[in-house]
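Per-entry structural report
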Amino acid sequence: MGAADELAIDLIYFFKRLRGQLRTIPMSTTHLPHRQLSGLAVVMIPAWHEDKVIGHTVAHALSAWPHPDLRIYVGCYENDPATMEAAMRGAAGDPRLRIVINSKAGPTSKADCLNRIYEAMAHDEMRTGHPARMVMLHDAEDMVDPAALPLLDRAIERAEFVQLPVLPLPQPDSRWIGSHYCEEFAESHGKSMVVRAALATGLPAAGVGCAFERKMLAEMARQRGTVGPFAERSLTEDYELGLRVALAGGRSRFLRVRDDAGRLVATRAYFPSDIASAVQQKSRWIHGIALQGWDRLGWSRGFGEWWMRLRDRRGPFAALVLFCGYLLLVLGALSSLFRNHGYVPAWKPDALLLWLLWLNLASFLWRAAMRFAFTSREYGWGEGLRAVLRIPVTNVIAIMAGRRAFFAYLSTLRGAAPKWDKTEHDTHPAQAFDESELRSQRSLGEVAR
């Protein structure tokens, strides 16, 4: 069933691409970062214990986006002065930074922090008489693309929600754990989200590199009947907000653009490099999207929307299937060993089972080829090969995350409030890369594309 689901996405992708309906837009971005914005652009960054990275994020964003109509709001807590100090140090006196202090002791939830930022932004709008035109979301560890802000400013003219791709950076010190995010996002934001947009279904927000039209956020807040538009009891408030835009009749776009050097305009970041942090992060995604999403968003009408919701919520079931598959692999090896020594009788599978086995093997090879192709396009063939070798690692992390998410969900059913189960960040891409290095990162991927 999973193979048929993925194959259907592949067929739609290749069919529409051959017809010229899906393509990554090449664009001259040399002067784009200096293009005047059409109105005030606000960037919201919630932060709790992010003093190691928030200064780099703020400094790089203010440098990459010199526009006077930019405001960066960093949400902090009074019991986290180190993050406040690091953010102000990164701004180096730039008046475009706003520090927003949550009246509650941290951590609350990411959505609560975002709602506090939203409230501060609304007060600033009333005080200055200068309303925002566009609101962007970013995390404290993100490295923004210089072309992203003007691109989103232009795209928001024809949509209420726009999402740019996310590209995790390979980690030489964590080839198997931290770098496995590369192939997942390369395939998801290179194919799955592209197909989703082509089918005109609701697009989930990634929470970074995305922009909302200001009036749409106000409408989301009005529908909730609260000060802010973000669902405070949701672990994946960004995902939910993106889908609610479509439910409210808003237009959504997934925008893939390459600059003059062939580099994808995207948000770049380091992802968790140890297995405990990776499992923690992915269990929050599974809990919020698959389990909470079922409760909070239900099932929309229309086959396309129903199919996409089903894909989003297959995480716990996929983890169970993967666990059974690997257990069967171990048991099969033991059984073969016992048969060779005459401890158990010979076993011969029937024709139907053999056909299923061959179909699954063919599906696995096809999936490995797709993973190699999409990873190689962005990172080069070396990382593409490693992506195939990392498939068992990815599956083990998915199994562990599915189990953790299920038990966390059971706790919320017993009345426990969901909490900000955030990931720790120690390094920022701006510390290790300059722009020239980032532009040459995908040189080997040009041939693959």
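The following refers to the structure shown. (Residues numbered from 1 in each chain as written. Predicted model: local features only at pLDDT ≥ 70, side-chain atom pairs only at ≥ 80, totals over all residues. Heavy atoms only, no water.)

Within the open sheet, the 7 strands sit side by side as β4-β3-β2-β5-β8-β6-β9. Their pairing is mixed. Edge positions in the sheet fall to β4 (97-102) and β9 (252-254), since each has one partner strand and no second. The mean inter-strand angle of the sheet, taken between neighbouring strand axes irrespective of direction, is 20°. Here strand β3 (residues 70-77) runs beside β4; their pairing, made up of 6 bridges, is parallel. Within the sheet, the bridge partner assigned to Cys76 lies in β4 and is Ile101. Contacting β2 (40-46), β3, β4 and β5 (132-137), helix α4 (residues 110-128) runs over the sheet at an angle of about 150° to β2. (Pairing = 2+ DSSP bridges. Helix = DSSP H or I, 4+ residues; strand = E, 2+ residues; numbered from the N terminus. Axes fitted to C-alpha atoms, helices over the stretch in contact; angles between N-to-C directions. Contact = heavy atoms within 4.5 Å.)

Let's shift gears to the packing of helix α12 (residues 351-379) against helix α13 (residues 381-389). One can describe the packing of α12 onto α13 by two numbers: an axis separation of 7 Å at closest approach and a directional angle of 150°. As far as their axial angle goes, α13 and α12 are roughly antiparallel. Seen along the crossing, α12 lies across α13 with a hand that is right-handed. On the side of α12, the interface is formed by Ala368, Arg371, Phe372, Thr375, Ser376 and Tyr379, while α13 contributes Trp381, Glu383, Gly384, Leu385, Ala387 and Val388. Residue composition of the contact of α12 with α13, grouped by class: 7 nonpolar, 3 polar and 2 charged. (Parallel < 35°, antiparallel > 145°, perpendicular 65-115°, else oblique. Left-handed = near helix turned anticlockwise from the far one by under 90°. Nonpolar A, V, L, I, M, F, W, Y, C, P; charged D, E, K, R; others polar.)

This part is about the packing of aromatic side chains. On inspection of all chains with the given rule, the structure shows 14 aromatic pairs. Note on Trp48 and Tyr77: the rings are 5.5 Å apart at their centroids and 90° apart in plane angle, and the pair reads as edge-to-face. Linking Trp48 in the loop between β2 and α2 (54-64) with Tyr77 in strand β3, this pair joins segments that are 29 residues apart in sequence. Each member of the pair Trp48 and Tyr77 is classed as buried. By way of ring pairs, the aromatic residues Trp294, Trp299, Phe303, Trp306 and Trp307 are connected into one cluster. The side chain of Lys282 reaches across the aromatic face of Tyr181, ending 5.2 Å from its centre. Over the ring of Trp299 we find Arg313; its NZ or CZ atom is 4.6 Å from the centre of that ring. (Phe/Tyr/Trp six-rings, centres within 6.5 Å; stacked < 30°, edge-to-face > 60°. Buried < 20%, exposed > 50% of the residue type's maximum accessible area, 1.4 Å probe, protein only. Lys NZ or Arg CZ within 6 Å of the ring centre and 35° of its normal.)

Along the chain, Lys16 turns up in helix α1 (residues 2-18). Of the side chains with opposite charge, Asp10 comes closest to the buried, unpaired Lys16, at an N-O distance of 15 Å. When residues no more than four places from it in sequence are discounted, the contact partners of Lys16 are Gln21, Leu22 and Ala198. (Lys, Arg positive; Asp, Glu negative; His and termini not counted. Salt bridge = Lys/Arg side-chain N within 4 Å of Asp/Glu carboxyl O.)

Just distances and angles here, no functional claims.
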